[in-house]
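Letter by letter, the chains look like this.
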Amino acid sequence: MSVAFLGLGNMGGPMAANLLAAGEKVTGYDPNPTARVEGIAVADSAAAAVKGADVVITMLPSGRHVLDCYREIVPAAAPGTLFLDCSTIEVTDARAAAELAAGHLALDAPVSGGVVGATAATLTFMVGGPSEAFIAAEPYLKTMGKKIVHCGETGAGQAAKICNNMILGVSMIAVSEAFALGRSLGLTDQALFDVASTASGQCWALTTNCPVPGPVPTSPANRDYTGGFASSLMLKDLRLAQAAAQAGGVPTALGAHAEELYAAFVEQDGSGRDFSAIITSLTKDGPA
Ligand code: NAD
């Protein structure tokens, strides 16, 4: 079987490298000449990469990129090609992409786990689409990830992704506010962590990605918020969640407020910093 991998950026590059390392025949395409993977030949165009491929994987910045790309590549694909879009995009765009690929097998399969998970092949895949396509995709997903969840029909993978990340954005702000309040009451960060991490305030934002340096030595706060999940990507996901909430008339007051706070933080200077750096805009004096 041969795989066309379109989008060899921060995430797609290591994902494609893991497929190659597992023995798959991979052809790549990325218009950015610096986005390259050792050992993967790059075609002249997306359509050229797709010609003769059994599986087409896309890892692109946005829904617009995915739909433009599908309009170009679907006519070049052989009948019965498996299309796997791993980008994070709007649910409606995921459904439109699957429609463009009608007659083929198509899935939305966004990921969580970041560049670290993409490199270590420990990503979580949230998958939407028909069972027949899911069964065909499973071996590839298992090569690139650790946990694979079939969430439902087309769009369900993107739905799970934006709901999860809305929880994450809101909970990171809640944890940050708790540290700020704790400090003002004379609590040390460590004391609050020791209690909340084993009490009902426990959550991933606290125990794995703790926004203050000290309690969790591996969290980005210990390296000036570098090398994590960029605030600009958190803002992107919160915006996708709000777009879906508004379209469906679902009240998400905290999700909406989290989007506003991340938009302001990204506007200041937070764009490339880990999303836990939001604490520096919520506290008077930043982290201790
Ligand atoms: P990136 O910008 O590093 O990579 C995207 C690549 O797509 C770029 O190299 C770009 O040149 C390429 N591209 C654009 N149009 C193309 C086309 N028509 N054909 C082929 N390549 C094309 O972005 P990334 O960080 O790798 O993120 C990719 C997706 O994964 C995004 O949707 C993002 O939201 C999602 N995501 C990212 C992370 C993360 O931590 N970086 C985590 C989870 C999900």
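Right above here is the structure, for reference.
Everything in this summary refers to the structure shown in the same document. A quick note: this is a predicted structure, and the numbers were derived from the prediction, not measured. Every chain begins its residue count from 1, and numbering advances along the sequence as written. For this predicted model, a pLDDT threshold of at least 70 governs which residues receive local features, and a threshold of 80 or more governs which side-chain atom pairs are given and counted, while totals over whole chains, interfaces and linings are taken from all residues. Neither water nor hydrogens contribute to the side-chain values; these are computed over all heavy atoms in the structure.

## Some details on the pairing of strand β1 (residues 2-6)
Just so we agree on the cut-off: Type-normalised accessible area, obtained with a 1.4 Å probe on protein chains alone, sets the label of each residue: buried when under 20%, exposed when over 50%, and partly exposed for intermediate values. A run of H or I in DSSP counts as a helix once it spans at least four residues, and a run of E counts as a strand once it spans at least two, with each numbered from the N terminus. A pair of strands is labelled paired if DSSP reports no fewer than 2 bridges between them. If you view a crossover with the strands going away from you and the path from the first strand over the helix to the second runs clockwise, you call it right-handed.
Burial analysis of β1 places 5 of its 5 residues in the buried class, which makes it a mostly covered element. Burial along β1 is two-sided: the residues Ser2, Ala4 and Leu6 and Val3 and Phe5 are all buried. As judged from the 5 bridges shared by β1 and strand β2 (residues 25-29), these two strands associate in the parallel manner. Residue Phe5 lies in a different strand from β2, and its bridge partner there is Gly28. For the segment spanning β1, helix α1 (residues 12-21) and β2, crossover handedness is right-handed. Bridge count for β1 against strand β4 (residues 55-58) is 4 bridges, and the pairing is parallel. Looking across to β4, one finds that Leu6 is bridged to Thr58.

## Description of the pattern of salt bridges
Stated formally: Salt bridges are counted wherever a side-chain nitrogen of Lys or Arg sits within 4 Å of a carboxyl oxygen of Asp or Glu.
Enumeration according to the criterion identifies 5 salt bridges in this entry. A salt bridge links Arg71 to Asp68; the nearest nitrogen and oxygen atoms lie 3.2 Å apart. Separated by 3 residues within a single helix, Arg71 and Asp68 lie in helix α3 (residues 63-73), roughly one turn from each other. A salt bridge links Lys142 to Glu138, with the nearest nitrogen and oxygen atoms 3.9 Å apart. In this pair, Lys142 and Glu138 are both assigned in helix α6 (residues 131-144), 4 residues apart and thus about one turn of the helix distant.

## Details of the site of the ligand
This is how it is decided: Proximity is defined per residue: any heavy atom of the residue falling within 4 Å of a molecule or strand makes that residue near it. Counting of polar contacts relies on pairs of N or O atoms within 3.5 Å, with two restrictions inside protein: one atom must be capable of donating a hydrogen and the other of accepting it, and residues adjacent in sequence are counted only when both atoms are side-chain atoms. Shrake-Rupley sampling with a 1.4 Å probe provides the accessible areas, and residues are treated as covered by the protein chains on show and by no other component. Classification used: nonpolar for Ala, Val, Leu, Ile, Met, Phe, Trp, Tyr, Cys and Pro, charged for Asp, Glu, Lys and Arg, polar for all others including Gly.
The full set close to the ligand counts 22 residues, and Asn10, Met11, Asp30, Leu60 and Lys236 are the nearest of them. One of the side-chain N or O atoms of Asp30 is found 2.6 Å from an oxygen atom in the ligand. Here an oxygen atom of the ligand sits 2.8 Å away from a polar atom, N or O, in the side chain of Lys236. In isolation the ligand has 840 Å² of accessible area, and contact with the protein removes 84% of it. Looking at side-chain class alone, the shell around the ligand contains 11 nonpolar, 8 polar and 3 charged residues.

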